[in-house]
Amino acid sequence: MTSGQRRGRWSGVPLQDRQALRRDQLIAAGVTLLGAAGGPALTVRAVCRETGLTERYFYESFPDRDDFVRAVYDDVCRRAMAALTSAGTPREAVERFVALMVDDPLGGRVLLLAPELEPVLIHSGAEWMPNFIELLQRKLTAISDPAIQKMVATGLIGALTALFTAYLDGRLEVSREQFIDYCVDMLLTRAASYPPAT
């Protein structure tokens, strides 16, 4: 038993809550490791070292490493969706996404870069993409044709993904405000270029 697993660590925590808390700790460690600037160095042992938990507790929550990596990715995607869903304006959506993905680059790298480096996430990324497209499509209320809405939303998600990836990688030498302004302008301009159907 490591020092981090002494009985005092869980004192006062009901038994039924401990597994959920350990799972949250493991997910947080997964974001840290999978989102590291040097690329994913995510092994079960590394996760256990990061949390101070034994492999027994890892396997209590996850059947294997692949399932764990998918759970880490899903956690970041759910947080991104929640931030975007609750935004009232395009600017607020972009600002919230920047705060989530750029101010916390670990999460940003998990969402945008990890699927290119982790084969197990290829399908996860493809499964989440329609959710982001559908969310943006619902926001494009100025476009009344559903087919046009979907095409515009798909194109914008692709463009925004490329922009955020480049910004996160440091390949865009622009200020935070310039970046946000450009993304907002792109969203508004693209939506306004299609007049409502009559």
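All of these numbers come straight from a predicted model, not from anything done at the bench. By convention here, each chain's residues receive numbers from 1 onward along its written sequence. The predicted nature of this model means local features are confined to residues of pLDDT at least 70 and side-chain atom pairs, given and counted, to a pLDDT of 80 or more, with totals for whole chains, interfaces and linings taken over all residues. Note that water and hydrogens are dropped before the side-chain values are worked out from all heavy atoms of the structure.

(A) Examining the side chain of S124 more closely. Here a strand is any run of E in DSSP of at least two residues, a helix any run of H or I of at least four, and the numbering for each starts at the N terminus. With respect to the secondary-structure elements, S124 resides in helix α8 (residues 122-139). Excluding residues that lie within four positions of it along the chain, S124 makes contacts with R70 and Y73. By definition, residues are in contact when any of their heavy atoms lie within 4.5 Å.

(B) Expanded view of the packing of aromatic side chains. Under the pairing criterion, centres of Phe, Tyr and Trp rings, with the six-membered ring standing for Trp, must be within 6.5 Å; the plane angle then separates stacked pairs below 30 degrees from edge-to-face pairs above 60, leaving the rest tilted. Enumeration over the complete set of coordinates arrives at eight aromatic pairs. Each ring, one from Y167 and one from F179, has its centre 4.0 Å from the other, and the planes form 5°; the classification is stacked. Here Y167 is found in helix α9 (residues 146-168), whereas its partner F179 is found in helix α10 (residues 176-192), with 12 residues between them in sequence. To sort residues, take the accessible area from a 1.4 Å probe on protein chains only and compare it with the maximum for the residue type: under 20% means buried, over 50% means exposed, and anything in between is partly exposed. For Y167, a relative accessible area of 14% translates into the label buried.

(C) The arrangement of the pattern of salt bridges in detail. Salt bridge, as used here, is a side-chain nitrogen of Lys or Arg placed within 4 Å of a carboxyl oxygen of Asp or Glu. Going through the model one piece at a time under the given rule, you end up with 12 salt bridges. For the salt bridge of R45 with E55, the shortest nitrogen-to-oxygen distance reads 3.9 Å. Within this pair, whereas R45 is found in helix α2 (residues 44-51), its partner E55 is found in helix α3 (residues 55-61), the two being separated by 10 residues in sequence. A residue is classified by how much of its surface remains accessible, and R45, at 60% relative accessible area, is exposed. Its relative accessible area of 33% is what places E55 among the partly exposed residues. Each of the salt bridges in this network shares a partner with another, and the network as a whole consists of R91, E95, E177 and D181.

(D) Quick peek at α2. Turning to α2, its buried residues number three or more, namely V44, A46, V47, C48 and T51. In the core, the buried residues of α2 are packed alongside α1 (15-34), α3 and α4 (65-85). Trailing α2 by a residue or two, G52 shows a phi angle of about 75°, which is positive.

Function cannot be read off these values alone, since they describe shape.
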